[in-house]
Amino acid sequence: MTHSFASSYDTIILGAGAAGLFCAKFATQTGAKVLVVDHAKRAADKVRISGGGRCNFTNMYASSDNFISANKHFSKSALARYTQWDFIDLCVSHGITYHEKTLGQLFCDGKSQAIIDMLLAEARGADIALGTTIDAVRHDGDTFHVTLSGRAVTTRNLVVATGGKSIPKMGATGIGYQIAEQFGLPLTDTRPALVPLTFAPQELDWITPLSGTALDARVTANGTAFDEALLFTHRGLSGPSILQVSSYWRDGDPITVNLSPNRDIFGALKAARSENGRRQVHTGLGTIFPTKLANTLAERLGLSGNLADHSDKALTAISDALHAMELRPVGSEGYRTAEVTLGGVDTDALSSATMEAKAVRGLYFIGEVVDVTGWLGGYNFQWAWSSAAACGRAIAASR
């Protein structure tokens, strides 16, 4: 790694994250001069913190169905030509051991630093300039002129791998979007995704005391549902199911929460009633939910008395309310905690085969800056690997 760099390169890659470093692996394969630039002092900081420090580096089931984009077909080409199995093979070749946590999510057995070390080893043919600012970019019709920390550098190819706006404390900025706009590329609306949802005070009155309580739930937003864990927090709701639907939720929309997707609440309450009708309703709910949650739900639904006092019709009403609880978030925790940015550079302006801008030869956009956003669970890393491979290979082939 170097902080110094030459005055001319075949390719400059803006961003030393997952996509940028991986692109350098391919772009350098024909001996081209490649520079990777980042304003951070360390490469791949988001890789380092991901997956609780173990890096959920891909998903066994990754396909275009797991991505959100204005053009749902755009990701197919890159994902098909560099698959999760290709990346897994690379990890194995570097001696990285891994395990499946849940739903095809693959994590390192050790620390995420192993993935960073692999990326740096694979990108060793490139110069890497960290702690370097991108001051200006222009194109004279043939060559890109980039000013980096006050120094002028020229390049034939410019790759924008700057990520989105998520987690600004780690240095995230919107510079990739600014470069796209400078060159006339359209953007789709950007917003925080894979992010906890927040609620108004009247909802927080009953949610906040449950902070730390988790259970499996089915959460639905705008017709898309996820069956994963839900977590009550002092600000609202989090956990994988909430993070997943946050990508589909829009301001003002309700979400529907099925608090018991794998067990029929009516059947469980009816069984509890026949077993001991003198039990309180909240005690009956305690056979299905954690005690604290059961008590809160009984209070919220205005339930009192013994189970024996409740007819089948009354138990059905309780069951229906808890299998389809409608809640209305007032917002999200925003980019501060969002794992990714939804939206970005409009895919209509890019080649799905090479990630090159159709209107500006030699200008490429890869990774999170593009309007391709994966589900939670390693999908966004796979998009970084696949889009970087498509771009890097195209650059190598164009020499």
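Presented here is an overview of the structure given in this document. Bear in mind that the values here come from a model prediction, so they are computed numbers and not experimental data.

Structural notes on the overall build of the protein
Helix and strand counts for the protein stand at 13 helices and 21 strands. Projected onto the principal axes, the alpha-carbon positions of the protein cover approximately 85 × 40 × 35 Å. In the protein, buried positions account for 55% of the 399 residues. Here the analysis covers contacts within the protein between residues at least 6 apart in sequence; of these, 74% occur between residues at least 24 apart.

Re the packing of helix H1 (residues 18–27) against helix H13 (residues 379–397)
The contact between H1 and H13 brings their axes to 7 Å, and the two run at 30°. As H1 runs across H13, the sense of the crossing is right-handed. Residues Ala18, Ala19, Phe22, Cys23, Phe26 and Ala27 of H1 touch H13, and the partners they reach there are Phe381, Ala384, Trp385, Ala388, Ala389, Cys391, Gly392, Arg393, Ile395 and Ala396. Per-class residue counts for the contact of H1 with H13 are 14 nonpolar, one polar and one charged.

Quick word on the packing of aromatic side chains
One pass over the full model with this rule turns up 17 aromatic pairs. Consider the rings of phenylalanine 67 and tyrosine 379, whose centres lie 6.2 Å apart with planes at 85°: the pair is edge-to-face. With phenylalanine 67 in strand E4 (residues 67–68) and tyrosine 379 in helix H13, the pair connects residues that are 312 residues apart, well separated along the chain. By the burial criterion, phenylalanine 67 is buried, and tyrosine 379 matches it. Pairing tryptophan 206 with phenylalanine 232 gives two aromatic rings, centres 6.1 Å apart and planes at 65°, and the pair type is edge-to-face. Of this pair, tryptophan 206 sits in helix H7 (residues 201–207) while phenylalanine 232 sits in strand E14 (residues 224–232); the two residues are 26 residues apart in sequence, bridging distant segments of the chain. On the accessibility criterion, phenylalanine 232 (3% relative accessible area) is buried. A connected cluster of aromatic rings, assembled from ring pairs, spans Phe22, Phe26, Phe57, Tyr82, Phe87, Tyr98, Phe381 and Trp385. We note lysine 25 situated over the ring of phenylalanine 26; from NZ or CZ to the ring centre the distance is 5.1 Å.

Side note on unusual backbone geometry
The backbone phi angle of cysteine 55 is positive, close to 55°, even though this residue is not glycine. Turning to its location among the elements, cysteine 55 is positioned in the loop between helix H2 (45–53) and strand E3 (56–59). A relative accessible area of 0% places cysteine 55 in the buried class. Although it is not a glycine, methionine 355 adopts a positive phi angle of roughly 70°. With respect to the element layout, methionine 355 can be found in the loop between strand E19 (340–342) and strand E20 (363–365). Its relative accessible area of 0% is what places methionine 355 among the buried residues.

A closer look at the pattern of salt bridges
Evaluation of the coordinates by the stated rule reveals 13 salt bridges. With its nearest N and O atoms 3.4 Å apart, the salt bridge here joins glutamate 203 to arginine 300. In this pair, glutamate 203 sits in helix H7 while arginine 300 sits in helix H11 (residues 291–300), placing the two residues 97 residues apart along the sequence. Owing to a relative accessible area of 15%, glutamate 203 belongs among the buried residues under this scheme. The salt bridge partner of arginine 235 is glutamate 333, with a shortest N-O separation of 2.9 Å. Within this pair, whereas arginine 235 is found in the loop between E14 and strand E15 (236–238), its partner glutamate 333 is found in the loop between strand E18 (331–332) and E19, the two being separated by 98 residues in sequence. Looking at glutamate 333, the relative accessible area reads 12%, which means it is buried. A network of salt bridges, in which partner residues are shared, links Arg42, Asp45 and Arg48.

Some words on H2
Among the residues making up H2, those that are buried are Asp45, Val47, Arg48 and Ser50. Lining the buried residues of H2 we find H1, E3, helix H5 (113–122) and H13. With its phi angle positive at about 55°, cysteine 55 sits one or two positions after the end of H2.

Some remarks on the nonpolar core
Soluble globular proteins tend to bury their nonpolar side chains together. Core analysis: the biggest nonpolar cluster contains 85 residues, and Phe87, Ile115, Leu185, Phe365 and Trp385 have the highest contact counts within it. Residue contributions to this core peak at ten residues, all from H13. When neighbours within four sequence positions are excluded, isoleucine 115 is seen to be in contact with Val47, Cys55, Phe57, Phe87, Cys91, Ile96, Cys108 and Trp385. Ala193, Leu194, Phe289 and Leu297 belong to the second largest nonpolar core, which has 47 residues in total.

Parameters at a glance
Residues numbered from 1 in each chain as written. Predicted model: local features only at pLDDT ≥ 70, side-chain atom pairs only at ≥ 80, totals over all residues. Heavy atoms only, no water. Helix = DSSP H or I, 4+ residues; strand = E, 2+ residues; numbered from the N terminus. Buried < 20%, exposed > 50% of the residue type's maximum accessible area, 1.4 Å probe, protein only. Contact = heavy atoms within 4.5 Å. Axes fitted to C-alpha atoms, helices over the stretch in contact; angles between N-to-C directions. Left-handed = near helix turned anticlockwise from the far one by under 90°. Nonpolar A, V, L, I, M, F, W, Y, C, P; charged D, E, K, R; others polar. Phe/Tyr/Trp six-rings, centres within 6.5 Å; stacked < 30°, edge-to-face > 60°. Lys NZ or Arg CZ within 6 Å of the ring centre and 35° of its normal. Salt bridge = Lys/Arg side-chain N within 4 Å of Asp/Glu carboxyl O. Core = buried A, V, L, I, M, F, W, Y, C linked by side-chain atoms within 4.5 Å.

Structural measurements only, silent on function.
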